[in-house]
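# Reading the structure
Residue-level listing of the chains:
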Amino acid sequence: MKDAIGNLQRILVLGGTSEIALATVLKLAEPRQGVHVTLAGRPGERRAAAASALHAEGLQVTEVDCDVRERNSYEQAIASAFDADGDVDVVIVAFGVLGDQERAWQDLDAALELAEVNYVAAVGCGVLVAQRLRAQGHGAIVALSSVAGERPRRSNFVYGSTKAGMDAFYAGLGDAVAADGVQVLVVRPGFVKSRMTTGLSPAPLSQVPEQVAEVVVDGLRQGRRTVWAPPPLRFVMSALRHLPAPVFRRLPG
Amino acid sequence: MDDRRALQGWGGTSPSVSLVHPAGDDRDLVAMVTEPGRRGVLARGLGRSYGDAAQNGGGLVADMTTRNRVLSVDTQTGEVSVEAGVSLDTLMRLLLPMGLFVPVSPGTRQVTVGGAVAADIHGKNHHVDGSFGDHLASIDLLCADGSIRHLTPLDDLFWATVGGMGLTGVVLRVTLRMKPVETAYCVVDTERCANLDDLMQRMTTDDHRYTYSVAWVDCLASGASLGRSVLTRGWPATLDQLPRRLRHKPLDFRPPELAVAPAHLPNGMLNHLTVAAFNNVWYYKSPRERRGEIQSIGAFFHPLDGVRQWNRIYGSRGFLQYQFVVPFGAEDALRRCLTMLSDAGQASFLAVLKRFGHGNSGHLSFPMPGWTLTLDIPVGSAELGGLLDRLDEEVIAAGGRLYLAKDSRMTAATMRKMYPRLEQWREIRHEADPDGVFMSDLARRLEL
Ligand SMILES: Cc1cc2nc3c(=O)[nH]c(=O)nc-3n(C[C@H](O)[C@H](O)[C@H](O)COP(=O)(O)OP(=O)(O)OC[C@H]3O[C@@H](n4cnc5c(N)ncnc54)[C@H](O)[C@@H]3O)c2cc1C
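What you see is a predicted model, and the numbers here were worked out from it, not measured in a lab.

## What to know about the sheet that holds strand 6 (residues 182–189) of chain A
All names here are of chain A. Strand order in the open sheet formed by 7 strands is 3-2-1-4-5-6-7, with parallel pairing between adjacent strands. The two strands at the open ends of the sheet, each matched to only one other strand, are strand 3 (60–65) and strand 7 (226–229). Neighbouring strand axes in the sheet, compared pairwise and without regard to direction, differ in orientation by 20° on average. Two strands pair when backbone bridges link them, and strand 1 (residues 10–14) and strand 2 (residues 36–41) are joined in this way by 5 bridges, in the parallel orientation. In the strand pairing of strand 2, Leu14 is matched with Ala40. Packing against the sheet, helix 3 (residues 71–83) makes contact with strand 1, strand 2, strand 3 and strand 4 (90–93), and its axis sits at approximately 155° to strand 3. This element, helix 6 (residues 157–177), spans strand 4, strand 5 (139–144) and strand 6 of the sheet and lies at about 155° to strand 6.

## A short note on the nonpolar core
Core analysis: the biggest nonpolar cluster contains 111 residues, and Phe132 and Leu353 of chain B have the highest contact counts within it. Tallying contributions element by element places helix 11 (residues 384–397) of chain B first for this core, with 6 residues. Residue-level mapping places this core at the junction of two domains, with at least three residues from each of domain 1 (66–181) and domain 2 (185–413) of chain B. Apart from the residues lying within four places of it in its own chain, the contact partners of Phe132 of chain B are Leu88, Val104, Val113, Ala116, Val117, Asp120, Ile121 and Leu176 of chain B. Ranked by size, the runner-up nonpolar core spans 32 residues in total, among them Ile11, Val35, Val37 and Val216 of chain A.

## Concerning the interface of chain A and chain B
Listed as interface residues are 19 residues of chain A and, on the opposing side, 25 residues of chain B. Together, the buried faces of chain A and chain B total about 1,500 Å²; carbon and sulfur atoms form 50% of this surface. The partner of Asp87 of chain A in a salt bridge is Arg39 of chain B, with the nearest N and O atoms 2.7 Å apart. Along the contact surface separating chain A from chain B lie 12 residue pairs in polar contact (both at pLDDT 80 or more). For the side of chain A that touches chain B, the element with the highest residue contribution is helix 5 (residues 108–136) of chain A, accounting for 4 residues.

## Examining helix 7 (residues 209–221) of chain A
Residues and elements named next belong to chain A. With 13 residues, helix 7 should reach 18 Å at 1.5 Å per residue; the first-to-last C-alpha distance of 19 Å fits that figure. Of all the residues in helix 7, the buried ones are Pro209, Val212, Ala213, Val215, Val216, Val217, Gly219 and Leu220. Where helix 7 terminates, the next one or two residues include Gly223, which has phi positive at roughly 70°.

## Remarks on the side chain of Thr414 of chain B
Residue and element names in this part refer to chain B. Turning to its location among the elements, Thr414 is positioned in helix 12 (residues 412–418). For Thr414, a relative accessible area of 9% puts it in the buried group. Ignoring any residue separated from it by four or fewer positions in sequence, one finds Thr414 in contact with Asp392 and Ile396.

## Digging into the domain arrangement of chain B
All names here are of chain B. Partitioning chain B into domains gives domain 1 (66–181) and domain 2 (185–413). Computed over C-alpha atoms, the centres of domain 1 and domain 2 are 24 Å apart. Contact residues are listed per partner, giving 35 residues for domain 1 and 34 residues for domain 2. Carbon and sulfur atoms supply 61% of the area that domain 1 and domain 2 bury against each other, a total of about 2,900 Å² over both sides. It is Arg109, Lys124 and His127 that lose the most area in domain 1 upon contact with domain 2, and together they represent 27% of the buried surface on that side. For the pair domain 1 and domain 2, the interface holds 0 salt bridges. Counting the contacts that link domain 1 with domain 2 gives 16 residue pairs in polar contact (both at pLDDT 80 or more).

## Notes on the site of the ligand
Residue and element names in this part refer to chain B. Looking at the ligand, there are 34 residues lining it, with Ala43, Gly45, Arg48, Ser49 and Thr112 nearest. Measuring from a nitrogen atom of the ligand, one finds a backbone N or O atom of Gly107 at 3.0 Å. A total of 960 Å² of accessible area belongs to the ligand in isolation, and the protein chains cover 95% of it. Counting only elements with at least two residues in the shell around the ligand, the list comes to strand 3 (41–44), helix 3 (113–118) and strand 10 (170–177). Its residues placed into classes, the shell around the ligand shows 20 nonpolar, 11 polar and 3 charged. Lining the shell around the ligand are residues from two domains, each supplying at least three of them: domain 1 (66–181) and domain 2 (185–413).

## Here we look at the pattern of salt bridges
Two side chains bearing opposite charge may form a pair once their charged atoms approach each other closely. Residues and elements named next belong to chain A. Using the criterion set out here, one finds 49 salt bridges over all chains in the structure. Salt-bridge contacts for Glu102 lead to Arg154; the nearest nitrogen and oxygen are separated by 3.0 Å. A residue pair is termed long-range when its members are at least 10 positions apart, and Glu102 in helix 4 (residues 101–104) and Arg154 in the loop between strand 5 and helix 6 qualify at 52 residues. Classification of Glu102 by relative accessible area gives partly exposed; the value is 33%.

## Section: helix 8 (residues 233–241) of chain A
Residue and element names in this part refer to chain A. Listed as buried for helix 8 are Leu233, Met237 and Leu240. Buried residues of helix 8 fall within an arc of 60° about the axis and therefore sit on the same side. Buried residues belonging to helix 8 abut strand 6, strand 7 and helix 9 (245–250).

## Some words on the packing of helix 1 (residues 19–29) of chain A against helix 7 of chain A
Residue and element names in this part refer to chain A. For the pair helix 1 and helix 7, interaxial distance at closest approach is 8 Å and the crossing angle is 55°. Classified by the interaxial angle, the pair formed by helix 1 and helix 7 is oblique. For the crossing formed where helix 1 meets helix 7, the hand is right-handed. Contact residues: helix 1 offers Glu19, Ile20, Ala23, Thr24, Lys27 and Leu28, while helix 7 offers Pro209, Glu210, Val212, Ala213, Glu214, Val216, Val217 and Leu220. Split into classes, the residues belonging to the contact of helix 1 with helix 7 amount to 9 nonpolar, 1 polar and 4 charged.

Cut-offs and rules
- Residues numbered from 1 in each chain as written.
- Chains lettered and ligands numbered in written order.
- Predicted model: local features only at pLDDT ≥ 70, side-chain atom pairs only at ≥ 80, totals over all residues.
- Heavy atoms only, no water.
- Pairing = 2+ DSSP bridges.
- Helix = DSSP H or I, 4+ residues; strand = E, 2+ residues; numbered from the N terminus.
- Axes fitted to C-alpha atoms, helices over the stretch in contact; angles between N-to-C directions.
- Contact = heavy atoms within 4.5 Å.
- Core = buried A, V, L, I, M, F, W, Y, C linked by side-chain atoms within 4.5 Å.
- Buried < 20%, exposed > 50% of the residue type's maximum accessible area, 1.4 Å probe, protein only.
- Domains from an automatic or database assignment.
- Buried area = accessible area lost by both parts, 1.4 Å probe.
- Salt bridge = Lys/Arg side-chain N within 4 Å of Asp/Glu carboxyl O.
- Polar contact = N/O pair within 3.5 Å; in protein donor to acceptor, adjacent residues only side chain to side chain.
- Expected span 1.5 Å × (residues − 1).
- Near = heavy atom within 4 Å.
- Areas by Shrake-Rupley, 256 points an atom, 1.4 Å probe, with all protein chains shown as cover.
- Nonpolar A, V, L, I, M, F, W, Y, C, P; charged D, E, K, R; others polar.
- Arc of directions from axis to C-beta.
- Parallel < 35°, antiparallel > 145°, perpendicular 65-115°, else oblique.
- Left-handed = near helix turned anticlockwise from the far one by under 90°.

Pasting the structure below:
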């Protein structure tokens, strides 16, 4: 249970190798040793590396197998994290794939992969986690969305459309569970230099995962529903949303 | 009538949502306890504990304030039987006119008798009279199996309940011994103390002469003035000590409610400068020394009750109260703690210092012979968590502890080190409540 200072006891990360999620966990756990984190993700080197990195920072880490393409798999992972001793204070929904954007609108498998991971599984996990947190009467969900969902562009509209869907779902979920003491924070990062984006040329206002983590932690403390990272993107996106379509299409990138 | 809503402690931090059930008769509560759901049941009084002691996220909470009858009064012996939801305010208003005063009064009258038992509260008279649990003849406790047990100080479960923070069951009724008084006034001596040595010296020398004793310490004074304070001590006034104008109504007790604090003042209104300025004025306004002043019980015991919901002045982020005790002989630890607080400049109006007398048999009861310091701190600064964690270490090293009714942030590991009788308490509780029906957010945080 979160204490008066904001110290947490337990965190669950779905998509346990996400760099933004790991940076956020570190930031959330910074004030005190011994915070417990469950990393739910596919077994392998990357998850093990993430676990040992967190362990080295003084966290207690549990790894749980979870492939979000399988409904059974994420149902079990979420159940095991919540059935362990102690309430879960924060759940970070961090899984997602970027894919090859040109293939993604022409190749059925590629398109469905994006839709299933980024949208279908996000909705499934959201439903399960929300029920668990409501039953506790407290807790928070951090949903890692993207500015790409705000007004999908020609260059990444498949990815953007999945994020638009999950973003809308979690925003609505936040309204639905607020009275039960549960906060849902939708996070819309812009370009983040991470494993997911290696090879892509950084956009203006690009940032590292630690900067996103900072925005997330502030947003949680202040009880916000949506945050942009970096925060000025909010105004950039607001302007972009209102551009007439012909102008929007001609923007570079 | 059940109501799903967010509950908080007096500090306004860490809310959680539970199903709040206005307590009905015994049968109604038995039904609640025997159908506890997955998250358990907890009794709540007036919510004057500062942290998460009186909340049970996702579970059931019995609002005991609906059970507020005085059941019997024996004016000869001073023995009074009440329902646990009756407030000390009600007891004072009803019984002071009969010459009976509560045996222990905290800094506010707005607490229930059930809350007073569950936290084993102490007052300015602890050094001579002990804590609330020392003045009880018996309690009726609704246990996890739905039975109602009549417990006396001869029962282990009685002492697991006194100070047990509602985790052994629901206190339904309490028989307590009130204190006979001739008037609703106190005779008060006030002294200004230049620093901590001066203060501790005066308290050690003649606290035993006084029934009530407490010092208000300016936490922002540092260096040679560290521990600069105003010491107020007194006795219940006898009839012949009252001035003539008060003598015709010596037991008159009608404390006024002055004002309601505004909904929420802006965050950060209390900062180092405003508090330091206030503390300065307050110190120099206090008399260097004044003897034999007559003060009403309200003014002497409950100065803050004049402003309803004064906790709001700390802004929407809320505040916490840090109260610890260190044993006699650990004066250096007390000084180090005060220095750390003074150096950090964490805005606190004033801290309160008091000397405790003997503790009692309550396994989780807070008081032990020693010095107890209490201060309010607004939540918000990034350094606060670390500062308090370091203070915890000092307190543990000195063999002291924190008060559960005030705590909102210590850890399970800290708690284990501070309460050596925790294991014994756990065994008794486990026997009375093997399935953990009684649960609170505090219990979850501290893994009780
Ligand atoms: C301004 C102020 C000054 C204070 N000064 C002092 C002081 O000088 N000394 C001191 O000792 N304390 C002091 N306190 C703390 C206060 O006395 C305790 O927190 C007390 O327990 C509050 O009683 P309550 O009825 O509000 O209980 P709540 O805060 O509602 O509950 C406190 C605990 O009691 C349990 N409880 C309540 N009713 C029952 C019941 N019927 N059966 C079983 N468990 C129950 C709850 O489960 C919870 O664990 C002060 C608080 C304030 C706000």
